[in-house]
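Each chain, written out:
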Amino acid sequence: MINGAHLIIYSRDADADRAFIRDVLGYPHVDAGGGWLIFKLPPAEMAVHPTDGADIHELYLMCDDLDRTMAELGARGVEFAAPAGEVSWGRVTAINLPGGGRLCLYEPRHETAYDLE
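Definitions and cut-offs
Residues numbered from 1 in each chain as written. Predicted model: local features only at pLDDT ≥ 70, side-chain atom pairs only at ≥ 80, totals over all residues. Heavy atoms only, no water. Helix = DSSP H or I, 4+ residues; strand = E, 2+ residues; numbered from the N terminus. Buried < 20%, exposed > 50% of the residue type's maximum accessible area, 1.4 Å probe, protein only. Lys, Arg positive; Asp, Glu negative; His and termini not counted. Charge placed at Lys NZ, Arg CZ, Asp CG, Glu CD. Disulfide = S-S within 2.5 Å. Contact = heavy atoms within 4.5 Å. Pairing = 2+ DSSP bridges. Axes fitted to C-alpha atoms, helices over the stretch in contact; angles between N-to-C directions. Phe/Tyr/Trp six-rings, centres within 6.5 Å; stacked < 30°, edge-to-face > 60°.

### So, the overall build of the chain
- Regarding its fold elements, the chain presents two helices and six strands.
- Starting at the N terminus and ending at the C terminus, the chain contains elements arranged as α-β-β-β-α-β-β-β.
- Projecting the C-alpha coordinates of the chain onto the three principal axes gives extents of approximately 40 × 40 × 35 Å.
- Counting every position in the chain, which comprises 117 residues, the buried fraction comes to 26%.
- In the chain, 9 positive and 19 negative side-chain charges are present, and the distance between their average locations comes to 5 Å.

### A closer look at the state of the cysteines
- In total, this model carries zero disulfides according to the counting rule given.
- Here C63 is not disulfide-linked; the sulfur of C104 is the nearest cysteine sulfur, at 12 Å.
- Taking relative accessible area as the criterion, C63 reaches 10% and is therefore assigned buried.

### What to know about the side chain of R18
- Relative to the helices and strands, R18 is located in helix 1 (residues 14-24).
- Sequence-distant contacts of R18, defined by excluding residues within four places in its chain, comprise G35, W36, L37 and F39.

### A word on the sheet that holds strand 3 (residues 60-62)
- As summarised here, the arrangement of the four strands in space is 3-6-5-4, forming an open sheet in which the pairing is mixed. The sheet is open, and its two edges are formed by strand 3 and strand 4 (85-87), each paired on a single side. Pairwise comparison of adjacent strand axes, ignoring direction, gives a mean angle of 35 degrees for this sheet.
- Bridge analysis of strand 4 against strand 5 (residues 90-96) gives three bridges, and the strand direction is antiparallel.

### Focus: the packing of aromatic side chains
- Under the defined criterion, the tally for this structure stands at three aromatic pairs.
- Taking the centre distance of 6.0 Å and the plane angle of 80 degrees together, the rings of Y60 and W89 count as edge-to-face. With a gap of 29 residues between them, Y60 in strand 3 and W89 in the loop between strand 4 and strand 5 connect regions that are remote in the sequence.
- The class for Y60 is partly exposed, based on a relative accessible area of 28%.
- The exposure class of W89 is partly exposed, given its relative accessible area of 34%.
- Aromatic pair Y60 and Y106: ring centres 5.7 Å apart, planes at 90 degrees, arrangement edge-to-face. Note that Y60 is positioned in strand 3 and Y106 in strand 6 (residues 102-108), a separation of 46 residues in sequence.

### Brief notes about helix 1
- For helix 1, the set of buried residues is D17, R18, F20, I21 and V24.
- Among the structural elements, strand 2 (37-39) and strand 5 are those in contact with the buried residues of helix 1.
- Once helix 1 ends, the next one or two residues include G26, with phi positive near 75 degrees.

Structure, rendered in structure tokens:
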């Protein structure tokens, strides 16, 4: 039986991004050997969106209060790609990673799947 999921973020500076996720975001982790940190993520959900383009995959971190979360992360030195924006399904921004990538961050307006029993 499937009992979990493993997400991979590709990075131009994996060491810097690992340190950021460990030290700034504070995610618990294990070292799989050689500095390969595997992070424990919060509860998750998955959606499938239609596309006529390339099959891409995105990671969105979720929070209950985007303004408060941005203020807390900003106090830890996190830089955001844009101010919070309004979309039909919530409020969204993106975190700039040290390696040049981005992690989306949003406050959903919809019922979340991880609340299911």
